[in-house]
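Understanding the architecture of this molecule
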Amino acid sequence: RGVMEEEAAAADEGARCPQAGEPLPEEEEEEVLHLAKQRRMLCSEFAAITSSDAEVACSFLAGNDWHMQRALNAYFERPLEKEEAAAGGMPPACAGPGSCIDLTADATTSNASVNSTDSRQQEDDSSFSLISWNIDGLDLGNLKERARGICSYLALYSPDVVFLQEVIPPHLCLLQVGAGSYTIIPGNIDGYFTAIMLKKPRVKLLKHEIIPFPTTSMMRNLLVVYVSISGNEICLMTSHLESTKNHSKERMKQLQIVLNKMQMESESNTVIFGGDTNLRDSEVTKLGNLPNNITDVWEFLGKPQHCRYTWDTHSNTNLGAQYKCKMRLDRIYFRPAADGGHIIPRSMDLIGLEKLDCGRFPSDHWGLLCNFDLIL
């Protein structure tokens, strides 16, 4: 038996036998079985969040009194501390500027030899760019090299707005130091979380809020940031909706919260949502499709096939998956201002398609680079 089954059996046995040979009352037996089932569910959820196996999940949960948040924090802190002690790796947390490593200094993506200054878009008032990317902080393998790769792509494309998912504290630390030209708003600071980056001084932060998903079992929420770009007020949103096929019901509830929030915003504002939605098309259909005033940018652009699949285990080998699966997990939704026409999606491309020197891609997801036209 695995650790998970042993823990559940131990809990069961301890409650069943207050005295040797004495049977457990029926109500207490039901309670014990319920506790065992609840712990198995916690182990499954922990394993899904961290991409670990059941034994690791049960070990961390049992060691933290079956408290999910504390167990996740312990999981993320332990390997990073071990890595740093062993080989001068990335620090586990940002205790101050001196403890952070600027990983942009020697970034080594294979296409980073392109002069980033020459390749950046000319900044003007007629367009702006956005990157949305699940950067897979839950994969601790080659974390330092992959973080460098992420920073390299941000330096290469110099987007005005960045939506990140699966950020962990060391990522936030290096971004705060290495991406000084951006204002960074995290959706949390513990475990793993989302973040929005705004290029200074062009994108002016007005305010932000974090909307909880009340029934999430994976620490998910909706990060909302209000900005002004070239005089256009825009509401930006990112989220990492509940993962895995088994959590479809919760994911659809979260999507409904996102869509409701998009529709509630002032009609004078453009609203852009982007992130790792984990959505299947059938789930959107079950909700009655998107509201009439909200557009899936990929569909708006004519469903270009070159940027359809953002999670592709055939082309992206980071997971080492034996199965081959392509999915459009990462999406960008757009709700124009009521007077229309001020901001229009122009193009979409995938980024992060080239392996780093460590032999892996920056993430198991491809990033989305989306360009918008500003009609003045």
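Residues numbered from 1 in each chain as written. Predicted model: local features only at pLDDT ≥ 70, side-chain atom pairs only at ≥ 80, totals over all residues. Heavy atoms only, no water.

1. Some remarks on the pattern of salt bridges
- Enumeration over the complete set of coordinates arrives at eleven salt bridges.
- A salt bridge links D160 to K199; its shortest N-O distance comes to 3.8 Å. You can see D160 sitting in the loop between α6 (143-157) and β2 (161-167) and its partner K199 sitting in strand β4 (residues 193-199), a full 39 residues away along the chain. The burial state of D160 is the same as that of K199; both residues are buried.
- Via salt bridges that share partners, D160, K199 and R202 belong to a single interconnected network. (Salt bridge = Lys/Arg side-chain N within 4 Å of Asp/Glu carboxyl O. Helix = DSSP H or I, 4+ residues; strand = E, 2+ residues; numbered from the N terminus. Buried < 20%, exposed > 50% of the residue type's maximum accessible area, 1.4 Å probe, protein only.)

2. Things to note about the sheet that holds strand β12 (residues 330-335)
- An order of β5-β6-β7-β8-β12-β9 is seen for the six strands of this open sheet, with the pairing classed as mixed. The sheet is open, and its two edges are formed by β5 (203-212) and β9 (295-296), each paired on a single side.
- Sheet topology note: the strand β8 (residues 270-276)/β12 ladder contains six bridges and is antiparallel. Residue D276 lies in a different strand from β12, and its bridge partner there is D330.
- The sheet strands contacting helix α8 (residues 248-264) are β5, β6 (221-229), β7 (232-240), β8 and β12, and the helix crosses β12 at an angle near 25 degrees. (Pairing = 2+ DSSP bridges. Contact = heavy atoms within 4.5 Å. Axes fitted to C-alpha atoms, helices over the stretch in contact; angles between N-to-C directions.)

3. Quick notes on the pairing of strand β14 (residues 367-374)
- Burial analysis of β14 places seven of its eight residues in the buried class, the great majority of the element.
- As paired strands, strand β1 (residues 127-134) and β14 are joined by six bridges and run antiparallel to one another. Within β14, the position partnered with L130 by the bridge is C370.
- Across eight bridges, the pairing between strand β13 (residues 343-351) and β14 is antiparallel.

4. What to know about helix α3 (residues 54-62)
- Of the positions making up α3, those classed as buried are A57, C58, F60 and L61. Projected down its long axis, α3 carries its buried residues within an arc of 165 degrees, all on one side.
- N-capping of α3 is provided by D53, with a side-chain oxygen placed 3.3 Å from the backbone N of E55. (Arc of directions from axis to C-beta. Polar contact = N/O pair within 3.5 Å; in protein donor to acceptor, adjacent residues only side chain to side chain.)

5. Structural notes on unusual backbone geometry
- Of the consecutive residues K200 and P201, the connecting peptide bond is found in the cis state with omega at -5 degrees.
- If you trace the backbone, P201 turns up in the loop between β4 and β5.
- For S158, which is not glycine, the phi torsion reads 45 degrees and is therefore positive.
- Along the polypeptide, S158 turns up in the loop between α6 and β2.
- In this model, N278 sits at a positive phi of 55 degrees, which is unusual for a non-glycine residue.
- Take N278: it is sitting in the loop between β8 and α9 (281-286).

6. A closer look at α8
- With 17 residues, α8 extends 24 Å between its outermost C-alpha atoms, agreeing within 8% with the 24 Å of an ideal straight helix rising 1.5 Å per residue.
- Of all the positions in α8, only S248, E250, R251, M252, Q254, L255, V258, L259, K261 and M262 are classed as buried.
- Next to the buried residues of α8 lie β5, β6, β7, β8, α9 and β12. (Expected span 1.5 Å × (residues − 1).)

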